Amino acid sequence: MPIVNRVADLQPDIQAWRRDIHQHPELLYDVHRTAAFVADRLREFGCDEVVTGIGQTGVVGVIKGNKPAGEGLKAIGLRADMDALPVEEQTNLPYASKTPGKMHACGHDGHTAMLLGAARYLAETRNFAGDAIVIFQPAEEGGAGGAAMVKDGMMERFGIDQVYGMHNGPGIPIGSFAIRPGPIMAATDEVDIKIEGLGGHAARPHKCIDSVLVGAQVITALQSIVARSVDPLESAVISICEFHAGNARNVIPQTAELRGTIRTLSPEVRKLVEKRVHEVVAGVAQITGAKIDLHYKRNYPVVNNHAAETEVAMRIAKQVAGDANVHEMSPLMGGEDFAYMLEARPGAFIFCGNGDSAGLHHPAYNFNDEAIVFGTSYWVKLVEEQLAAS
């Protein structure tokens, strides 16, 4: 089945919502305008229940089907994220961000609008059995809003049996989808390393413990973990992206600070890498005589698609886009806090093509409104098939 005709009719409204949200980006949990916009639309659509303040500023809408739930699934959750990024927009669009230093550089405006479109359709038709739960989440971009909503008891409160997520994909053609079973996005851990050496004159290095040299050794040694401790058939990334030390060309600085990110695709590799990072840093401290303080923070877990639900998602995507336009993708080393919802309930995360756009988190990125009918149709068909009357 191609895109839903009624969804095509709704496209101008969904696009207008998307562009309104795009003009008013908000960060992390401070998405009060966006959450109010979402809640107002859900009430206008006639949702049976609209609940705000879940996970601080999340919004959940309940849409009940016009048929009694059978013995199987009673409710499925559909999730979109609402927050933007601290990026200065460079698109020159007529609906560009009105807030300096903030923009929807990851397409969450499109995600929110598409799920609103699906909610409107489902509230109009109700051609399913059980409950469709539409989830609008804050703080995906580093704030773990998905975890906050789960900890608030969202899954239990709304009786969610399965949960599904969607993200736009730059480089994936419009009208196409990409997905895979198992790990699809990486765990994202953080490291902060503070080095205290012994500063002094650049001409007398033998009287110093050079924090810059120690930092360089730490960086080099950390790379050996991926090269020599991780199975070559597994995946891991260690990227130290900040190095701060010194402010004069002839002074060996007393201190240096390093910050970076670590990405892995399995719990076993994640545990191994964390262990080896501690060992490597301790080793460098011992051989250099520097004092090194390591703070290792586990952040988002692996986004792990459940096998049966991934098959469901692929089948629905093929109905919307055609068999040739649904592809099994390779894992990505980026992170996503939908991982927390997939830890709480079975489900699947899928990518919807955004065409030849700028990449995610780029100041020239823009969600492609041509993707709206495909993403929204996917949500609609997913509910109608998964919650079909027995």
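All figures in this text were calculated on a predicted structure; none of them were measured in a lab.

Student: Would you mind going over the sheet that holds strand β8 (residues 187-196) with me for this structure?
Tutor: Picture the strands of a sheet paired through backbone hydrogen bonds; they go either parallel or antiparallel. Pairing in this open sheet of four strands is antiparallel, and the strands run β10-β12-β8-β13 from one edge to the other. This sheet does not close on itself; its edge strands, each paired only once, are β10 (236-245) and β13 (291-297). For this sheet, the mean inter-axis angle between neighbouring strands, taken without regard to orientation, is 15°. Summarising the sheet, β8 and strand β12 (residues 255-264) pair through ten bridges and their orientation is antiparallel. Counted as the bridge partner of D192 is R259 from β12. The sheet strands contacting helix α6 (residues 211-228) are β8, β10, β12 and β13, and the helix crosses β10 at an angle near 175°. Here helix α7 (residues 267-288) sits on the sheet in contact with β8, β10, β12 and β13, set at roughly 170° to β13.

Student: What am I meant to see in the pattern of salt bridges here?
Tutor: Oppositely charged side chains are able to pair whenever their charged atoms sit close together. A complete count under the given rule lists 24 salt bridges for this structure. In this structure, R120 engages E124 in a salt bridge whose closest nitrogen and oxygen atoms are separated by 3.6 Å. One end of the pair, R120, and the other, E124, are both in helix α3 (residues 108-125), four residues apart, so they sit about a helical turn from each other. With a closest N to O distance of 3.3 Å, D192 and R259 form a salt bridge. In this pair, D192 sits in strand β8 while R259 sits in strand β12, placing the two residues 67 residues apart along the sequence. With relative accessibility at 26%, the residue D192 sits in the partly exposed group. Its relative accessible area of 28% is what places R259 among the partly exposed residues. A cluster of three or more residues bridged by salt bridges with shared partners is formed by R6, D13, R120 and E124.

Student: For this particular structure, what's the right way to read α3?
Tutor: Count 3.6 residues to each turn of an α-helix, and residues three or four apart come out pointing the same way. The end-to-end C-alpha distance of α3, which contains 18 residues, comes to 26 Å, matching closely the 26 Å that a straight helix rising 1.5 Å per residue would cover. Following α3 by one or two positions, R126 adopts a phi angle in the positive range, close to 50°.

Student: What am I meant to see in the side chain of E26 here?
Tutor: Among the structural elements, E26 can be located in the loop between α1 (5-23) and α2 (32-45). For E26, which is buried and forms no salt bridge, the nearest opposite charge comes from R33, at a distance of 6.3 Å. Polar side-chain contacts of E26 include one of 3.4 Å to the backbone nitrogen of H32. Polar side-chain contacts of E26 include one of 3.0 Å to the backbone nitrogen of R33. If we ignore the near neighbours within four places in the chain, the residues touching E26 are V31, H32, R33, T34, D83 and A84.

Student: Which parts of the structure should I look at to understand the packing of aromatic side chains?
Tutor: Each aromatic ring pair is summarised here by two numbers: the centre-to-centre distance and the angle between the ring planes. A full pass over the atoms with the stated rule returns six aromatic pairs. Pairwise contacts between aromatic rings join F177, Y378 and W379 into one cluster. Above the ring of F37, the side-chain terminus of R41 is found at 4.5 Å from the ring centroid.

Student: Just checking my understanding: could you explain the pairing of strand β2 (residues 58-64) for this structure?
Tutor: Sheet faces and side chains relate simply in a regular strand, where the side chains alternate between the two faces. With six of seven residues buried, β2 lies mostly within the body of the structure. Here five bridges tie strand β1 (residues 49-54) to β2, and the two strands are oriented antiparallel to one another. Residue pairing in the sheet places E49 in a bridge with V62 of β2. Following β1, the chain reverses through three residues before pairing antiparallel with β2; G55 in that reversal takes a positive phi of roughly 65°. Sheet topology note: the β2/strand β4 (residues 131-137) ladder contains six bridges and is antiparallel. In the strand pairing of β4, V60 is matched with I135.

Reading guide: rules and limits
- Residues numbered from 1 in each chain as written.
- Predicted model: local features only at pLDDT ≥ 70, side-chain atom pairs only at ≥ 80, totals over all residues.
- Heavy atoms only, no water.
- Pairing = 2+ DSSP bridges.
- Helix = DSSP H or I, 4+ residues; strand = E, 2+ residues; numbered from the N terminus.
- Axes fitted to C-alpha atoms, helices over the stretch in contact; angles between N-to-C directions.
- Contact = heavy atoms within 4.5 Å.
- Salt bridge = Lys/Arg side-chain N within 4 Å of Asp/Glu carboxyl O.
- Buried < 20%, exposed > 50% of the residue type's maximum accessible area, 1.4 Å probe, protein only.
- Expected span 1.5 Å × (residues − 1).
- Lys, Arg positive; Asp, Glu negative; His and termini not counted.
- Polar contact = N/O pair within 3.5 Å; in protein donor to acceptor, adjacent residues only side chain to side chain.
- Phe/Tyr/Trp six-rings, centres within 6.5 Å; stacked < 30°, edge-to-face > 60°.
- Lys NZ or Arg CZ within 6 Å of the ring centre and 35° of its normal.

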